[in-house]
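Commentary on secondary and tertiary structure
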Amino acid sequence: MPGYNNLVKITKDIFKRELAWVWIFGFVLSLVAVVLSAKGKLSLGKGDFVFLSLVTLLVALYRPRWIFFLFVGSISLENIILTGSFLPVQLRPYQFLGGILILALAILFASKRLRFKLLKPTWIDWLVFSLIPFSFLALAGASSKAISLKNNLVLISFVALYYLARSFLRSREDFAKTAAFFTVSFLTTTLFGFWQVFADKFGLKSFEVMFGRPNSTFTEPDWLGIYLCFALAVFLALIFYSLRTKKKIFFSKKYTALFLDIFVFLDVALIILTLSRSAWVGAAAVFALYFLALVPSQKYISSRKYAAGWRGFLREAAIMFSIVVVSLAAIHFGKLSKFDIFDRARSAATSEQKITIACENGSNVPQTISSADELAKFNCRHINLEEIDLYKSQGKVVTEIFRKDPNVMTRSAIYQKSWEILKIHPLTGIGFGTITQNLGTDERGAGLNESNIFLQIWAGSGILGLIVFFTALGYLFVYSLRRISPVCPMNRLFGCPVLNDNFEKAANIFTVLGIAALMIPNLFNAGLFMGIFWLGLATIISIKENIRFNPQ
């Protein structure tokens, strides 16, 4: 049985490596944290928290990189809180691990036992750091200085985690190991996300914050969608590298392509099930940019390679298209969503939403209404899908009509009101978190935010903060896009770089896809205070600063 013997050999090789044990430990720990949090048994008491902190600190002093990789593996655990009321702040697992690791590095540095040099910030790092002083300037226009100050401190903590990640991402080996530990967070997130889907389907408690929409380890489905878009960028870049080099990424060369395609399938299926249209647009952009990177450039390669490049492009496009089709088919025929996926997609273009209503007599109801409030004059009411059988049993006429999508209308109102507020304080902004006092709350009672990361940064760090943020990301995007695009934009001004190194090209592909994955969904969300945003930003900048100078 050669296949069995090969599997045994692979397993033995895994268990001989210490990082494999760390990976397994991180995965089990994340799953346990999700289960305990779902059952309401996770928040630690003071004694347990102190004990866990001491043990983690000792491990961080002995093997800092272990804790960093566990930090990466827990980056998606956004709705899991470790601390109870004995602390004035709520700590998520990645914040706890990151904070302990920063303390350990400070101790090692002070005792001159740190085995590597701390990162010397570059000009891009200083642009990122400048968001902090600009955020304090915004305090002058803040309607609630206490709220703004609290959010400024949160921003400082995320920038510290950014610098931490930058310090550990120095070489190609660092990027490879970090990608491997990123799968810990991905597997944890997708397993819990699909558990929510099937639990909802079979009438079990799903722990969803919105009806019929999985949010997994995040506070809302849209944030899960942002994370999954970024994960899609990671896996597509890895697929590109594996296709070009035929090197082992997961377990063996033979299974690498299979594992990556499975990850993409799980990712795409869960993105669809979130019903997050911003994530759908983000994922579409990631796929489009990936296909752009696969298009061969005729100017720099021979005609034979050019033809082979097109065959590879068509093969990979067919695989990705098949994954999307199979995902949609599995969701549709498996009835995994309580919503009409295709109607949801259509509403993104038309701003109209299909709703189910129950009426005394449905003959005089128009096909399209502006608001559900209009239903009363037709003796109708808007009902949930699970109420259909109940109203039919009462003799009501149940039908479907279209209404103006309230989410689109709400976001339009938010953008307009945010713009009116920012016009009063365009230079300094009004402070992070304070705009909620002007925007109010949604139907769940949660405070509304800017629903756009650029508006969020403008409000929190002023126009200067917005400029430096846009400059940093814009530069990184254009820098990497020119290295992967077959048409080489702006070549007359800057020349046209040719990348012969597959790892470097895969890294630049990831940069372009990663920026699109983080920014496009955030055009409709304010996701600055997400762990994955700062880890992603640190990885992208580290690639730009280190990948060409540290080939090993």
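Residues numbered from 1 in each chain as written. Predicted model: local features only at pLDDT ≥ 70, side-chain atom pairs only at ≥ 80, totals over all residues. Heavy atoms only, no water.

Turning to the packing of aromatic side chains, a few remarks are in order. The final tally for this structure, using the stated rule, is 38 aromatic pairs. Ring-pair connections join several aromatic residues into one group, and the members of that group are Trp 126, Phe 129, Tyr 162, Tyr 163, Phe 454, Phe 469, Phe 470, Phe 533 and Trp 534. We note Lys 201 situated over the ring of Phe 202; from NZ or CZ to the ring centre the distance is 5.8 Å. Sitting over the face of the ring of Tyr 479, Arg 483 holds its NZ or CZ atom 3.6 Å from the ring centroid. (Phe/Tyr/Trp six-rings, centres within 6.5 Å; stacked < 30°, edge-to-face > 60°. Lys NZ or Arg CZ within 6 Å of the ring centre and 35° of its normal.)

Of all eight residues that make up strand 1 (residues 352-359), seven are buried, and the element is covered over most of its length. When strand 1 meets strand 4 (residues 397-404), the two strands line up antiparallel, connected through eight bridges. Across the sheet, the residue bridging to Lys 354 is Phe 402, located in strand 4. (Buried < 20%, exposed > 50% of the residue type's maximum accessible area, 1.4 Å probe, protein only. Helix = DSSP H or I, 4+ residues; strand = E, 2+ residues; numbered from the N terminus. Pairing = 2+ DSSP bridges.)

At their nearest, the axes of helix 2 (residues 18-38) and helix 4 (residues 64-73) sit 10 Å apart, and the two run at 40 degrees to each other. One way to sum up the angle between helix 2 and helix 4 is to call them oblique. For the element pair helix 2 and helix 4, the recorded crossing hand is right-handed. Residues Glu 18, Leu 19, Val 22, Phe 25, Gly 26 and Ser 30 of helix 2 form the contact with helix 4, whose participating residues are Trp 66, Phe 69, Leu 70 and Gly 73. Tallied by class, the residues present in the contact of helix 2 with helix 4 amount to six nonpolar, three polar and one charged. (Axes fitted to C-alpha atoms, helices over the stretch in contact; angles between N-to-C directions. Parallel < 35°, antiparallel > 145°, perpendicular 65-115°, else oblique. Left-handed = near helix turned anticlockwise from the far one by under 90°. Contact = heavy atoms within 4.5 Å. Nonpolar A, V, L, I, M, F, W, Y, C, P; charged D, E, K, R; others polar.)

Moving on: helix 20 (residues 502-519). Here helix 20 contains 18 residues, and its C-alpha end-to-end distance of 26 Å stays within 8% of the 26 Å for a straight helix at 1.5 Å per residue. The element helix 20 is largely enclosed, with a buried count of 16 among its 18 residues. (Expected span 1.5 Å × (residues − 1).)

Another aspect to go through is the pattern of salt bridges. Taken as a whole, this structure holds 13 salt bridges when the rule is applied. The partner of Glu 78 in a salt bridge is Arg 92, with the nearest N and O atoms 3.3 Å apart. On the criterion of sequence distance, the pair formed by Glu 78 in the loop between helix 4 and helix 5 (93-110) and Arg 92 in the loop between helix 4 and helix 5 is long-range, its members being 14 residues apart. Of the charged contacts, one joins Lys 354 and Glu 400 as a salt bridge, the two residues approaching to 3.8 Å between their closest N and O atoms. In this pair, Lys 354 sits in strand 1 while Glu 400 sits in strand 4, placing the two residues 46 residues apart along the sequence. (Salt bridge = Lys/Arg side-chain N within 4 Å of Asp/Glu carboxyl O.)

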